[in-house]
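# Structural characterization, general
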Amino acid sequence: MTLWLHIGLPKTGSSALQVFFAKNDAALKKNHLLYPWPGPAKQGRATPGNAKWLAQHEGGFPFESERGEQLVKWLKRGRGVLLSSEELAKADPA
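Below you will find a few notes about this structure. Source: prediction; values computed, not measured.

## Digging into the sheet that holds strand β2 (residues 33-34)
Spatially, 3 strands are ordered β1-β3-β2 in an open sheet, and the strand pairing comes out parallel. Sheet topology places β1 (2-6) and β2 at the edges, where each strand pairs with a single neighbour. Relative to strand β3 (residues 80-84), β2 runs parallel, the two sharing 2 bridges. Its bridge partner lying in β3, Leu34 is registered against Val81. With respect to the sheet, helix α4 (residues 66-76) is in contact with β1, β2 and β3, its orientation differing from that of β3 by roughly 145°.

Now the structure itself:
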């Protein structure tokens, strides 16, 4: 199980990467890497990424959230998961 975090600072091309990940999610999945919750990036629109929910959560990892529970299930099944958001660079690690 591998969790990949792309923590891009604003104005460093992160949105372009997120659009690439979203548009190529089938190829990523074929290679055992999930890019879940792509949102508008799937249609080529810039977004804050698929991990904004994680960055905005206070008090550690949100295991009890629906997305957190799904993420844990995927990881326990041995799937790789790729999360990306500029918001992760701003997150409080406490």
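Anyway, onward from the coordinates.
## Observations regarding the environment of Gly80
Within the element layout of this structure, Gly80 appears in strand β3. The class for Gly80 is buried, based on a relative accessible area of 7%. Residues Gly80 and Leu34, 46 residues apart in the sequence, show an inter-C-alpha distance of 6.1 Å.

## Describing α4
For α4, the full list of buried residues reads Gly68, Leu71, Trp74 and Leu75. One face of α4 carries all of its buried residues, which in axial projection span an arc of 125°. Exposed residues pointing more than 90 degrees away from the buried face of α4 are listed as Glu66 and Lys76. In this structure, the buried residues of α4 make contact with β1, β2, α3 (52-55) and β3.

Reading the values: the criteria
Residues numbered from 1 in each chain as written. Predicted model: local features only at pLDDT ≥ 70, side-chain atom pairs only at ≥ 80, totals over all residues. Heavy atoms only, no water. Pairing = 2+ DSSP bridges. Helix = DSSP H or I, 4+ residues; strand = E, 2+ residues; numbered from the N terminus. Contact = heavy atoms within 4.5 Å. Axes fitted to C-alpha atoms, helices over the stretch in contact; angles between N-to-C directions. Buried < 20%, exposed > 50% of the residue type's maximum accessible area, 1.4 Å probe, protein only. Arc of directions from axis to C-beta.

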